[in-house]
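Examination of the molecular architecture
Residues per chain, in single letters:
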Amino acid sequence: MRLFFGIICCFICTVFGIVLSEKYVKRCKFFKDFSCFNKRLISEVSFGQKRLSEIIEDFSPDGDFKTSISKFSSDNVLPEYLKADEKALFADYVNGVGKKDKETQLKELNELNVKLSGLSDLSEIELKKYRPLYIKLGFLTGIAILIMVI
């Protein structure tokens, strides 16, 4: 009975580690979607004549980024896993799109594209570093509980 309880605790701790590491997965996806949207916006500003609301609706990846960009103007709510400077970058991005002439807008979007690719790479590195760490720590905590129970 104690062995069964210990194994269940080990499983629960491992799942808890997986849940805690999800913020890194979401953050990585957010920046990849952000970068993809920025590239699409650059091409639309350069060649297309679509409105910003149409570009947002046509943007296919569903997730926190699409929700954030659709609702930012009304709610100003951003995901909790973003750092303060990243939230400020996103707010400046949303508030600055469509406010300037075409040439200035393209210049700013291209500069931001470099910054977004850096943030995307950084978030991917953090994902590869911390996700396995959280899972292993959860598992080891479960093993420690198993040893204490037995």
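Note that the coordinates shown come from a computational prediction; the quantities given were computed from them, not determined experimentally.

The rules behind these values
Residues numbered from 1 in each chain as written. Predicted model: local features only at pLDDT ≥ 70, side-chain atom pairs only at ≥ 80, totals over all residues. Heavy atoms only, no water. Core = buried A, V, L, I, M, F, W, Y, C linked by side-chain atoms within 4.5 Å. Buried < 20%, exposed > 50% of the residue type's maximum accessible area, 1.4 Å probe, protein only. Helix = DSSP H or I, 4+ residues; strand = E, 2+ residues; numbered from the N terminus. Contact = heavy atoms within 4.5 Å. Salt bridge = Lys/Arg side-chain N within 4 Å of Asp/Glu carboxyl O. Phe/Tyr/Trp six-rings, centres within 6.5 Å; stacked < 30°, edge-to-face > 60°. Expected span 1.5 Å × (residues − 1). Polar contact = N/O pair within 3.5 Å; in protein donor to acceptor, adjacent residues only side chain to side chain.

Details of the nonpolar core
Core analysis: the biggest nonpolar cluster contains 24 residues, and Phe30, Phe34, Phe37, Phe65, Ile69, Phe90 and Tyr93 have the highest contact counts within it. Of all the elements in the fold, those that place two or more residues in this core are helix 1 (2–46), helix 2 (52–58), helix 3 (64–75), helix 4 (84–96) and helix 5 (102–149). A per-element tally of this core places helix 1 first, with 6 residues. In this view, Ile69 contacts Phe37, Ile56, Phe90, Tyr93 and Val94; residues no more than four positions away in its chain are not counted.

Regarding the pattern of salt bridges
Scanning the entire structure with this criterion turns up 7 salt bridges. Among the ionic pairs, Arg27 bridges to Glu126, the shortest N-O distance being 2.6 Å. Of this pair, Arg27 sits in helix 1 while Glu126 sits in helix 5; the two residues are 99 residues apart in sequence, bridging distant segments of the chain. Judged on exposure class, the residue Arg27 and its partner Glu126 are both buried. Put simply, Lys83 and Glu126 hold a salt bridge, and the shortest N to O gap is 3.8 Å. Here Lys83, found in the loop between helix 3 and helix 4, pairs with Glu126, found in helix 5; they are 43 residues apart in sequence, far enough to count as distant.

A closer look at the packing of aromatic side chains
Applying the stated rule across the entire model yields 13 aromatic pairs. Ring pairing ties together the aromatic residues Phe30, Phe31, Phe34, Phe37, Phe65, Tyr81, Phe90 and Tyr93, which thus form one cluster.

Here's the deal with helix 4
With 13 residues, helix 4 should reach 18 Å at 1.5 Å per residue; the first-to-last C-alpha distance of 18 Å fits that figure. What helix 4 keeps buried is the set Glu86, Leu89, Phe90, Ala91, Tyr93, Val94 and Gly96. Just downstream of helix 4, Gly98 is the residue with a positive phi angle, here 85°.

Quick word on the side chain of Arg27
What makes Arg27 buried here is its relative accessible area of 4%. Among the polar contacts listed, one links the side chain of Arg27 to the side chain of Glu86, at a separation of 2.3 Å. For Arg27, the side chain forms a polar contact with the side chain of Glu126, separated by 2.6 Å. Not counting residues within four places of it along the chain, the set of residues in contact with Arg27 comprises Tyr81, Lys83, Glu86, Ser123 and Glu126.

Such coordinate-based values are descriptive only and should not be taken to indicate function.
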